[in-house]
Protein chains: 2
Amino acid sequence: MTSYTAPTKDMQFVLHEVLKVTETGLPGYEELERDFTEAVLEAAGKVASEVLAPLNAVGDTKGCVLENGVVHTPEGFDTAFAAMKEGGWTALDLDPEYGGQGMPYVMGTAVGEMFVSANMAFNMYQGLTHGAYSAIHVHGTEDQKRTYLPKMVSCDWTGTMNLTEPHAGTDLGMLRTKAEPQDDGSYKITGQKIFISAGDHDLAENIIHLVLAKAPGGGEGTKGISLFIVPKVLVKEDGTLGARNAVTVGHIEEKMGIHGNATCVMNYDGATGYLLGDLHKGMRAMFTMMNEARLGVGLQGYAVAVGAYQNAVAYAKERLQGRAVTGAENPSGPADPLIVHPDIRRTLMDQKSFLEGARAFTLWGAHLIDRSHRANDADAEGLISLLTPVLKGFLTDKGFETAVNAQQVYGGHGYIEESGMSQFVRDARITMIYEGANGIQALDLVGRKLAQDGGKHVMAFFDMVKTFLKENEGNEALKESFLDPLKAASKDLQAAGMFFMEKGMKNPNAALSGSYDFMHLFGHVCLGLMWARMARAADAALQGGTTDKAFYETKIATGRYYMARQLPMTATHLARIISGAAPVMALSADQF
Amino acid sequence: MTSYTAPTKDMQFVLHEVLKVTETGLPGYEELERDFTEAVLEAAGKVASEVLAPLNAVGDTKGCVLENGVVHTPEGFDTAFAAMKEGGWTALDLDPEYGGQGMPYVMGTAVGEMFVSANMAFNMYQGLTHGAYSAIHVHGTEDQKRTYLPKMVSCDWTGTMNLTEPHAGTDLGMLRTKAEPQDDGSYKITGQKIFISAGDHDLAENIIHLVLAKAPGGGEGTKGISLFIVPKVLVKEDGTLGARNAVTVGHIEEKMGIHGNATCVMNYDGATGYLLGDLHKGMRAMFTMMNEARLGVGLQGYAVAVGAYQNAVAYAKERLQGRAVTGAENPSGPADPLIVHPDIRRTLMDQKSFLEGARAFTLWGAHLIDRSHRANDADAEGLISLLTPVLKGFLTDKGFETAVNAQQVYGGHGYIEESGMSQFVRDARITMIYEGANGIQALDLVGRKLAQDGGKHVMAFFDMVKTFLKENEGNEALKESFLDPLKAASKDLQAAGMFFMEKGMKNPNAALSGSYDFMHLFGHVCLGLMWARMARAADAALQGGTTDKAFYETKIATGRYYMARQLPMTATHLARIISGAAPVMALSADQF
């Protein structure tokens, strides 16, 4: 049985001392005073620890059950969902015009981390609703917004995204689901969709499916695709629920993890659908939501690992095994706690330094989205667009690795399901796959984002690092442990970028063979930058005579660990990248 | 549903062209002619593919069931076990005096890889019997050997190892199970053991438990521990089965994987036990078997991943998704197969180059054990003792990573249990934990093995690398791609060793903080050496005008990949190691 404690203080540190949210002047940020954000985070943390975390194992062991065409969620999910709705947690960062609380996305993200850490599978029901809400919010007609959004804000109705078909995952151009126009302006949707998270359940009175399908006249491939609103239950003119639509659940997949969320095969048999956005522009409509959705999955990747890490720390302090090599530290006990051993320290520091860096990176990403949405800041939009595949790919790969390392601290006990550590690993695993498998993120980064707008955004990133280094060059406290390593890592990233520019023009395989390593290299530089910023903030607090020395000293020590022991990975990633396409592409398919 | 094809040709290459087994002059190796080993491997491969692999998913989904005190194995396991016994596969490398076939351990290891790849959980029933057999074979009295070994060779009786207790895993000094001497020379064993693989089942008429317990007068800690033979059913003087012993199964653990093998809580309630080996020298008796047992787990680590890799390759060739960036390769189809994409190549090459290197490393390790056992070669014994933690720790970490990467090739389909890819990952996970968690392997390597016999064995390893480089220095075909990278990696390993010598004397934490990285650094150098050897053998075959050019060219290309893209990890491991203890040990326990 695992437990969860919300890292409110760490979040407050990032919001107020690193991002300095109230000083940004962004519309809506003026309310984010320390006391206010603390109150929100404390309240969310209480829900996460007391309502959601106790249901995490239940969701995993009971799972969802399909009975007579209806999906039943695990015991207790309904009460918890009602509590979430009642507390207004589903509406936190949504548009007040439709009943939302209108808080900045950065707050929704911080709160989201807590909910995911406590119970990832449960939180997906509202998380997916959030995604569908955004699509309708951006692309819907006034009528559609009035019809669907208020109910989705409150989560009386939830939402889903229907993209994948059995033969078409990444390659959506191949999809076969058809949309036939009807005389009344609606469409009949026919086809099968798979891997639909929260595709059906008993937590809401209606489910609003957003479905990609091909309407006549759109041409081949992704060009012919449109996006449709297909409610599970049709909505009458007066907003009340009418007849059941022709959409049914084929079956629930047996998955490796996230058992508490129903992953459904959805069958559309001439279901009534309504065009969302422009005809044959469905892909574009999907893409506009992608930064948020992918940041959300990156968040899941590390947030699940936060839960795993907290329990690993508790176990390492409790479990007595062996003696410290430098002399017993618990001489009156039969053995010392695991945490005295250097190799246990190493793995806990790996976990801690990654997770705190990941949190800062994600909240910064959410802040960039706020800047783009609330201030129409095109530079912020370009930068977050560049960083999105890094946030998604790097944080989920490392999040999974972190969960595995946390499980390892438990020894054999971690392999027993009862400990709860296996669930963290199995749940975290999906984040590397869905919302674009991480190889696709790497392709997006190197194949599209790097060169976007003439390479402007990656140059802006490098300038940002350079400016930071320059601003702090006189700071001896930071120089050796933070600034020098950041500079070296950033140089590795630039060298990799140069290699792609030189070789990739002639041979795209030369760039794409290194895309995965580039994504990780970039991720490390981002976390290095985050740690340098956090160290500066902590150093400032210590210089300013804080009364909470231990907190800031811990920050600096944790950051030092990251810089000394994680950041050197950039050299290996660079070495792999500049080995080019030859080693990767040497074999013909039949030589495998 | 996964499938499995035995890599006979790759194994033959390692046995005959790299290890050159028939030229070693080792007793028993004279029979290992090409035709003979091929016949054995082909036959074993057929059993693995046709008998074991089809039961792999069954074992996972059905698991073991405890009913009225008896453990039932999954449907079909009994028939398969009977087939294994009948084919003589349980007796392959065991002593002919007790009914074994007496083949070298290197052959048992090659065959073992196949069985594990096909069905890891199933193979543990005989694998653990093998371990218990070895303990009795080395430490038993003539009488004990005659009583137990013939039945264990045939697997009419299976064996278990009982070490762990709820509060005592790694730290066996704390164990509480008691052995009270009886007048007839036997002991009454009382206590609880946990995590006992194959602790009970319905595949054999008796189970021979080897149990660590404390007999009076042995002193504190591990010094007081002795090893006992505790049969599930007592054996009468005439060798027939008598009364049921006082040992029962408490329950079966719900685990993350290896569901086909029953992991039992065993309760000993005054069970009759017989001392095995010397009184109070139980730890020593356990340790003599450890090289083999740990090599066996290292083998499991990569062998499970072989199964995963094969299926990933098949999927990558079959699944159509997207187009090659350099132009369609399947223009008549709706899309190109995944394998055209550079990032899919990257991951498949990562997997392939690791797995073939791991196989060579493991067979070399098994050969060292043969040299130590069959020719009393103390140098071989010292070297395998040094390499054992590397084989166990590095191959299982990388094996798990490889299984995860293979699963990733499947995209969303890999997360669905039906694909079988999740099982490979979940099964592989235990290998990093049991038989000494990998952190303990790293501690064993740096804390004990490095300095063993005055550091003689690690020096011998470096000499071996140096000699290889010297012998081949004129070989231009190998120089740039193989010899230079091996030299650089070996230098990194030496630098790390020097760092430990200099700093570790004053502060043991400085060495132990880098132990895990050192284990991986060492593993990469070993695989680099293996690849350099394989490349030399392949180059010789090509120079010699082989008719099978494609095979040898594939070997060289695969090796080049390893050297160019995996071996550079040594630099990062070294950087972490020389950052020393300070970043790792900076925090007090309550700062986590």
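Residues numbered from 1 in each chain as written. Chains lettered and ligands numbered in written order. Predicted model: local features only at pLDDT ≥ 70, side-chain atom pairs only at ≥ 80, totals over all residues. Heavy atoms only, no water.

**Student:** An account of the overall build of chain A is needed here, citing residue identities and associated values.
**Tutor:** When its secondary structure is counted, chain A shows 19 helices and eleven strands. Taken along its principal axes, the extent of the C-alpha atoms in chain A is 80 × 60 × 55 Å. Classification of the 592 residues of chain A by burial places 64% in the buried group. In chain A, the proportion of contacts linking residues at least 24 apart, taken out of those at least 6 apart, comes to 74%. As presented, chain A carries roughly 20700 Å² of accessible surface, and 52% of it is formed by carbon and sulfur atoms. Chain A carries 52 positive and 69 negative side-chain charges, and their two centres are separated by 5 Å. (Helix = DSSP H or I, 4+ residues; strand = E, 2+ residues; numbered from the N terminus. Buried < 20%, exposed > 50% of the residue type's maximum accessible area, 1.4 Å probe, protein only. Contact = heavy atoms within 4.5 Å. Areas by Shrake-Rupley, 256 points an atom, 1.4 Å probe, with all protein chains shown as cover. Lys, Arg positive; Asp, Glu negative; His and termini not counted. Charge placed at Lys NZ, Arg CZ, Asp CG, Glu CD.)

**Student:** Kindly report on the packing of aromatic side chains, identifying the contributing residues and their values.
**Tutor:** Going through the model one piece at a time under the given rule, you end up with 33 aromatic pairs over all chains. With a centroid separation of 6.3 Å and an interplanar angle of 75°, the aromatic rings of A:Phe354 and A:Phe394 are classed as edge-to-face. Placement of A:Phe354 in helix α9 (residues 342-375) and of A:Phe394 in helix α10 (residues 378-409) is noted, with a sequence separation of 40 residues between them. The pair formed by A:Phe354 and A:Phe394 is uniform in burial state, with each residue classed as buried. Residues B:Phe461 and B:Phe462 carry aromatic rings whose centres are separated by 6.1 Å and whose planes lie at 70° to one another, so their mutual orientation is edge-to-face. Residue class for B:Phe461 comes out buried when judged on its relative accessible area of 0%. Ring-pair connections join several aromatic residues into one group, and the members of that group are A:Phe461, A:Phe462, A:Phe499, A:Phe500, A:Phe518 and A:Phe522. (Phe/Tyr/Trp six-rings, centres within 6.5 Å; stacked < 30°, edge-to-face > 60°.)

**Student:** A description of the packing of helix α14 (residues 476-504) of chain B against helix α16 (residues 515-543) of chain B should follow, citing residues and the corresponding values.
**Tutor:** All names here are of chain B. Relative orientation of the contacting elements α14 and α16 amounts to 155°, with a least axis distance of 9 Å. In this view, α14 runs roughly antiparallel relative to α16, as classed from their interaxial angle. α16 is crossed by α14, and the crossing has left-handed handedness. Where α14 abuts α16, its residues Ala477, Leu478, Phe482, Leu486, Ala489, Ser490, Asp492, Leu493, Ala496, Gly497 and Phe500 lie against Ser515, Phe518, Leu521, Phe522, Val525, Gly528, Leu529, Trp531, Ala532, Ala535, Arg536 and Asp539. (Axes fitted to C-alpha atoms, helices over the stretch in contact; angles between N-to-C directions. Parallel < 35°, antiparallel > 145°, perpendicular 65-115°, else oblique. Left-handed = near helix turned anticlockwise from the far one by under 90°.)

**Student:** Outline the relation of the copies chain B and chain A, supporting the account with residue identities and numerical values.
**Tutor:** Turning one copy of the chain about an axis and sliding it along that axis gives the other copy, so a rotation and a shift relate them. For these two chains of identical sequence, chain B goes onto chain A by a turn of 180° and a shift of 0.0 Å along the axis, with RMSD 0.0 Å. Taken together, the turn and the small shift mark the pair as related by a two-fold rotation axis. When C-alpha positions in chain B are compared against the rotation axis, the closest is assigned to B:Thr572, at 3.2 Å. Comparing contact sets, 100% of the residues at the interface of chain B also lie at the interface in chain A, consistent with an isologous, same-surface contact. (Least-squares fit on C-alpha atoms with pLDDT ≥ 70 in both.)

**Student:** Describe the pattern of salt bridges, and please don't skip the residues or the numbers.
**Tutor:** Taken as a whole, this structure holds 62 salt bridges over all chains when the rule is applied. Note that B:Arg576 is salt-bridged to B:Asp517, the shortest N-O span being 3.0 Å. Highlighted residues: B:Arg576 in helix α18 (residues 569-578) and B:Asp517 in helix α16, separated in sequence by 59 residues. The exposure class of B:Arg576 is buried, given its relative accessible area of 14%. Residue B:Asp517 is classed as buried on the basis of its relative accessible area of 5%. Shared partners join several salt bridges into a network, and the residues in it are A:Asp10, A:Glu113, A:Lys352, A:Glu356, A:Arg359 and A:Lys555. (Salt bridge = Lys/Arg side-chain N within 4 Å of Asp/Glu carboxyl O.)

**Student:** Hey, could you go over the confidence of the model for chain A for me, with residue numbers and the actual values?
**Tutor:** Overall, the prediction assigns chain A a mean pLDDT of 97, with 100% of residues at 70 or greater. Among the prediction metrics, the complex's ipTM stands at 0.98, with pTM recorded as 0.98. (pLDDT = per-residue confidence, 0-100.)

**Student:** Can you tell me about the environment of A:Glu30, naming the residues and giving the values?
**Tutor:** With respect to the element layout, A:Glu30 can be found in the loop between α1 (8-18) and α2 (34-52). Polar contacts involving the side chain of A:Glu30 include one to the main-chain amide nitrogen of A:Gly28, which spans 3.0 Å. (Polar contact = N/O pair within 3.5 Å; in protein donor to acceptor, adjacent residues only side chain to side chain.)

**Student:** Explain the interface of chain B and chain A to me, and be specific about the residues and the numbers.
**Tutor:** Contact with chain B, which involves 87 residues of that partner, is made by 87 residues of chain A. Summed over both partners, the interface of chain B with chain A comes to about 7400 Å²; 62% of that surface belongs to carbon and sulfur atoms. Summed over the three residues of chain B that lose the most area to chain A, namely B:Tyr415, B:Arg565 and B:Phe592, the buried surface amounts to 13% of that side. Residues A:Arg565 and B:Asp517 are paired through a salt bridge, measuring 2.8 Å at the closest nitrogen-oxygen approach. One can count 43 residue pairs in polar contact (both at pLDDT 80 or more) joining chain B with chain A. Tallied by class, residues from the side of chain B that touches chain A come to 44 nonpolar, 25 polar and 18 charged. (Buried area = accessible area lost by both parts, 1.4 Å probe. Nonpolar A, V, L, I, M, F, W, Y, C, P; charged D, E, K, R; others polar.)

**Student:** Describe in detail the environment of A:Val138, supporting the description with residues and values.
**Tutor:** Here A:Val138 lies in helix α5 (residues 105-139). Taking C-alpha positions, A:Val138 is 26 Å from A:Leu443, a pair spaced 305 residues apart along the chain.

**Student:** Tell me about helix α11 (residues 421-431) of chain B, and please be specific about residues and values.
**Tutor:** Counted residue by residue, α11(B) has eleven buried out of eleven residues, so it is predominantly covered. Among the residues making up α11(B), those that are buried are B:Met421, B:Ser422, B:Gln423, B:Phe424, B:Val425, B:Arg426, B:Asp427, B:Ala428, B:Arg429, B:Ile430 and B:Thr431.

**Student:** If you had to explain the side chain of B:Ser419 to someone new, which residues and values would you point to?
**Tutor:** Residue and element names in this part refer to chain B. Counting through the fold element by element, Ser419 comes out in the loop between α10 (378-409) and α11. On the basis of relative accessible area, Ser419 is assigned to the buried category, the value being 12%. A polar contact of 3.1 Å, which involves the side chain of Ser419, links it to the backbone oxygen of His413. There is a polar contact of 3.0 Å between the side chain of Ser419 and the backbone oxygen of Ile416. Filtering out sequence-adjacent residues up to four positions away, Ser419 remains in contact with Met1, Thr2, Tyr410, His413 and Gly414.

**Student:** Could you give an account of the environment of A:His373, naming the residues involved and the relevant values?
**Tutor:** Assignment of secondary structure puts A:His373 in helix α9. Note: C-alpha distance between A:His373 and A:Tyr105 (268 residues apart in sequence) is 9.4 Å.

**Student:** Please provide a residue-by-residue account of the packing of helix α9 (residues 342-374) of chain B against helix α17 (residues 549-566) of chain B, values included.
**Tutor:** Residue and element names in this part refer to chain B. Relative orientation of the contacting elements α9 and α17 amounts to 105°, with a least axis distance of 9 Å. The pairing of α9 with α17 is recorded here as roughly perpendicular in orientation. Contacts between α9 and α17 involve Arg346, Met349, Asp350, Lys352, Ser353, Phe354 and Glu356 on the former and, on the latter, Thr554, Lys555, Ala557, Thr558, Tyr561, Tyr562, Arg565 and Gln566. Considered class by class, the residues forming the contact of α9 with α17 number five nonpolar, four polar and six charged.

**Student:** Which residues make up unusual backbone geometry, and what values do they have?
**Tutor:** With a phi angle near 60°, A:Phe195 is a residue other than glycine that sits in the positive phi range. Position of A:Phe195 among the secondary structure elements: in strand β5 (residues 187-197). A positive phi angle, near 60°, is found at B:Glu435, a position not held by glycine. With respect to the helices and strands, the residue B:Glu435 is situated in the loop between α11 and α12 (438-449).

**Student:** Residue-level account of helix α8 (residues 290-318) of chain B, with values.
**Tutor:** Over its 29 residues, α8(B) runs 42 Å from end to end, which matches the ideal 42 Å to within 8%, given 1.5 Å per residue. Burial analysis of α8(B) places 24 of its 29 residues in the buried class, the great majority of the element. (Expected span 1.5 Å × (residues − 1).)

**Student:** Any chance you could break down the nonpolar core for me, citing the residues and the numbers?
**Tutor:** Among the nonpolar cores identified, the biggest contains 338 residues, and A:Phe461, A:Phe522, B:Phe461 and B:Phe522 are the most heavily contacted of them. Among residues more than four places away in sequence, those in contact with B:Phe522 are B:Leu386, B:Leu387, B:Val390, B:Leu445, B:Val458, B:Phe461 and B:Leu493. One finds A:Leu227, A:Leu276, A:Met286 and B:Ala335 within the second-largest nonpolar core, a separate group that totals 31 residues. (Core = buried A, V, L, I, M, F, W, Y, C linked by side-chain atoms within 4.5 Å.)

**Student:** I'd like to hear about the pairing of strand β6 (residues 206-214) of chain B, residue by residue, with values.
**Tutor:** Residues and elements named next belong to chain B. Burial analysis of β6 places eight of its nine residues in the buried class, the great majority of the element. Direction of pairing for strand β3 (residues 157-162) relative to β6: parallel, over a ladder of six bridges. Note that in β6 the partner of Gly159 across the bridge is Ile208. Sheet analysis places β6 next to strand β7 (residues 225-231), joined by seven bridges and oriented antiparallel. Bridge pairing in β7 links Val211 to Phe228. (Pairing = 2+ DSSP bridges.)

**Student:** How would you explain the side chain of B:Asp200 if you had to name every residue and give the values?
**Tutor:** Residue and element names in this part refer to chain B. Note that Asp200 resides in the loop between β5 (187-197) and β6. Of the polar contacts made by the side chain of Asp200, one reaches the side chain of Lys232; its length is 2.7 Å. Excluding residues within four positions of it along the chain, Asp200 makes contact with Gly69, Val70, Val71, Ile207, Lys232, Val249, Ala262 and Cys264.

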